[in-house]
Amino acid sequence: MHDTRTFKAVTPTFTALTGASIYQGVMPGIHGDAAYAIEVPGNWNGQLIMYAHGYAGDGPNLIVQAPALRAYWLSLGYAWAASSYSANYYDVQAGVEDTNALANAFPTLTSRARPTKTLIMGVSMGGHVAGAAVEKETAQTAKNKVAYAASMPVCGVMDEEYEFQWLGDYTLAAAQLAGLGPKTFPQGTDTYAKLLPDILAALFTSTTDPVWQENATQGAKLREIARNLTGGPRPVFELGFRLGYWQKAVLGTGGADGTITGILPRNIYGNATTSYRWTSGSAPTAAEAAFNAGILRVTPDQNPNPARSDRVRDLPRVNGEISVPVLTMHTTGDFYVPFKHEQLYRAAVNAAGNGDRLVQRAIRAAGHCEFTAAELVEGFTDLVKWEAGGAKPAGDDVTTPAVLADPNYGCAFTRGTRTGVDACPAN
């Protein structure tokens, strides 16, 4: 399906910041043309940062997004470049291949020397791009190969299967708790959409943005199921759960067929072994057992995300097989790309024997990618000092339940207090 979609690369119209030169246009990508922008400061330090943007929807226009750290990078002498990718939808394959192609084209497009180092930073889906870009499998299979010196995925999809497991689990559980669970898979997005108002009415007393309120019965069960599925007890989870914007983003994926809207050839979603729990005892209650017995069970198709010989997979793998420094950041309340991504990534990196190459930081915020400039600057600064031979920077333990459950978890690297989030103790 995805191979038949057509897109239009829109040439950017950024104005160069003072003292910098900008290059923008259209170049060939993995699925067709991709737009690009490159900006080089007058005092260029010889290094290039590739910026990978997040999910841009399913529209026809391919747009380059400028990084939040643009001015900061230029002030330090870094050049930056960003691709629109040659496709929209959740196409991380295009994100990796087209970002790499642009990095390789830097000397040709700017008439400058090849960078002495190339780093990558990505946000949300772009975090998936940045994580996959430094994987061993990508180095072996990518059509366009780049040896990045370091990677900074923030609010990223760090386990490519879990993200779609989560979206499928949450929407199924919500419908089942409302008494409107499907009996067959896929249910179909149109059928699900017609039921969604009644599902919400059974679970929430208010769905008026920005903050929703779950009811004390089925809604409270849904909240606890979500807490357990997204990483366990931790600060700011509840505010993240109640943010209507992100609830709608997650609930809007219901009824899907598991192909990630045609990115994959077959269904990747399965919940055959998932235990949905809203209590914390060692064993499920009778009500939980009945719920688990009644919910629709789905088995993924065989080999839904096959390896390819000509490029990275349709859904590039994040296996933890990294050989360069990686620093991640994630908000604890992220409901769209949950904090559990960091737990799964840590497990994968450790299992591959690369634990010393990963630093992770928890930020006390409810929204997806809700970072302050100070948090991003600090993370980037610490990463590049580390990559250049400095000491490994400090990070957070993202896996120990008792650590995460502490009311002050995430205070070490949170800079600034958000509305509705408890302030950290004064030092």
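The structure this text deals with has already been given above.
Given the structure is predicted, the values throughout are model-derived calculations rather than measurements.

Caption draft 1: Structural context of the overall build of the protein. Looking only at helices and strands, the protein features 13 helices and 12 strands. Taking 427 residues into account, the globule formula puts the C-alpha radius of gyration at 22 Å, and the protein, at 22 Å, falls close to it. Based on the C-alpha atoms only, the size of the protein along its principal axes is roughly 70 × 55 × 40 Å. Considering only intrachain contacts with a sequence separation of at least 6, the fraction spanning at least 24 residues in the protein is 76%. Computing the positive centroid from 33 side-chain charges and the negative centroid from 38, the protein places the two 2 Å apart.

Caption draft 2: Inspection of the pairing of strand β8 (residues 151–154) at higher detail. Residues of β8 alternate between two faces, with S151 and P153 on one and M152 and V154 on the opposite face, all of them buried. Where strand β7 (residues 117–123) meets β8, four bridges bridge the pair, whose relative direction is parallel. The residue of β8 that forms the bridge with G122 is P153. Relative to strand β11 (residues 326–331), β8 is paired through two bridges, and the arrangement is parallel. When the sheet's bridge partners are listed, V154 is paired in β11 with M329.

Caption draft 3: Summary view of helix α2 (residues 92–110). Its 19 residues give α2 an end-to-end C-alpha distance of 26 Å, which sits within 8% of 27 Å, the value for a rise of 1.5 Å per residue. In terms of burial, α2 is a largely internal element, 16 of the 19 residues being buried. The first or second residue beyond α2 is S111, which carries a positive phi of 55 degrees.

Caption draft 4: Representation of the packing of aromatic side chains within the structure. With the rule as written, the count across this model stands at 20 aromatic pairs. Aromatic side chains W44 and F106 sit 5.4 Å apart centroid to centroid with 45 degrees between the ring planes, which places their arrangement in the tilted category. Residue W44 is located in the loop between β3 (33–41) and β4 (47–52), and its partner F106 is located in helix α2; the two are separated by 62 residues in the primary sequence. On the accessibility criterion, F106 (0% relative accessible area) is buried. Among the aromatic side chains, those forming a connected cluster through ring pairs are W166, Y170, F204, W212, F237, F241 and F335. One cation-aromatic arrangement involves R5 over Y89; the distance from NZ or CZ to the ring centre is 3.7 Å.

Caption draft 5: Local environment of the pattern of salt bridges. Applying the stated rule across the entire model yields 19 salt bridges. A salt bridge links E224 to R227, with the shortest nitrogen-to-oxygen separation between them at 2.8 Å. Of the two residues, E224 and R227 both sit in helix α7 (residues 218–229), three residues apart, roughly one turn of that helix. Looking at E224, the relative accessible area reads 17%, which means it is buried.

Caption draft 6: Focus on the state of the cysteines. Applying the stated criterion to the full structure yields two disulfides. With its sulfur 2.1 Å from that of its partner, C155 forms a disulfide with C369. Across the S-S bond linking C155 and C369, the dihedral sits near 100 degrees, which makes this disulfide right-handed. Within this pair, whereas C155 is found in the loop between β8 and α5 (162–177), its partner C369 is found in the loop between β12 (358–363) and α12 (373–387), the two being separated by 214 residues in sequence. Bonded cysteines in the protein are paired 1-2, 3-4 when counted in the order they occur along the chain.

Caption draft 7: Just the sheet that holds β4, in detail. The eight strands are arranged β2-β3-β6-β4-β7-β8-β11-β12 in an open sheet whose pairing can be described as mixed. Strand pairing shows two members of the sheet lacking a second neighbour, β2 (20–28) and β12, which therefore form its edges. Each neighbouring strand pair of the sheet contributes to a mean axis angle of 15 degrees, computed without reference to strand direction. Against the sheet, α2 contacts β2, β3, β4, β6 (79–83) and β7, and its axis sits at roughly 55 degrees relative to β3. Relative to the sheet, helix α3 (residues 125–133) contacts β4, β7 and β8, its axis offset from that of β7 by approximately 145 degrees.

Caption draft 8: Summary view of the nonpolar core. Counting residues in hydrophobic clusters, the biggest one holds 90 residues, and the most contacted among them are W166, Y170 and L222. Ignoring sequence-local partners within four residues, the contact set of L222 consists of Y170, A173, A174, L177, L203, F204 and F241. Listed in part, the 33 residues of the second largest apolar core include A20, A37, W73 and M329.

Caption draft 9: Inspection of unusual backbone geometry at higher detail. F185 connects to P186 through a cis peptide bond whose omega is -5 degrees. Of note, the bond from D209 into P210 is cis; its omega dihedral lies within 30 degrees of zero at 10 degrees. Summarising the element assignment, P210 is placed in the loop between β9 (204–206) and β10 (213–214). The backbone of S111 shows a phi angle near 55 degrees, a positive value even though the residue is not glycine. In this structure, S111 sits in the loop between α2 and β7. Positive phi is not limited to glycine here, since S124 has a value of about 60 degrees. Along the chain, S124 turns up in the loop between β7 and α3.

Conventions adopted
Residues numbered from 1 in each chain as written. Predicted model: local features only at pLDDT ≥ 70, side-chain atom pairs only at ≥ 80, totals over all residues. Heavy atoms only, no water. Helix = DSSP H or I, 4+ residues; strand = E, 2+ residues; numbered from the N terminus. Rg over C-alpha atoms; globule rule 2.2 N^0.38 Å. Contact = heavy atoms within 4.5 Å. Lys, Arg positive; Asp, Glu negative; His and termini not counted. Charge placed at Lys NZ, Arg CZ, Asp CG, Glu CD. Buried < 20%, exposed > 50% of the residue type's maximum accessible area, 1.4 Å probe, protein only. Pairing = 2+ DSSP bridges. Expected span 1.5 Å × (residues − 1). Phe/Tyr/Trp six-rings, centres within 6.5 Å; stacked < 30°, edge-to-face > 60°. Lys NZ or Arg CZ within 6 Å of the ring centre and 35° of its normal. Salt bridge = Lys/Arg side-chain N within 4 Å of Asp/Glu carboxyl O. Disulfide = S-S within 2.5 Å. Axes fitted to C-alpha atoms, helices over the stretch in contact; angles between N-to-C directions. Core = buried A, V, L, I, M, F, W, Y, C linked by side-chain atoms within 4.5 Å.

Structural measurements only, silent on function.
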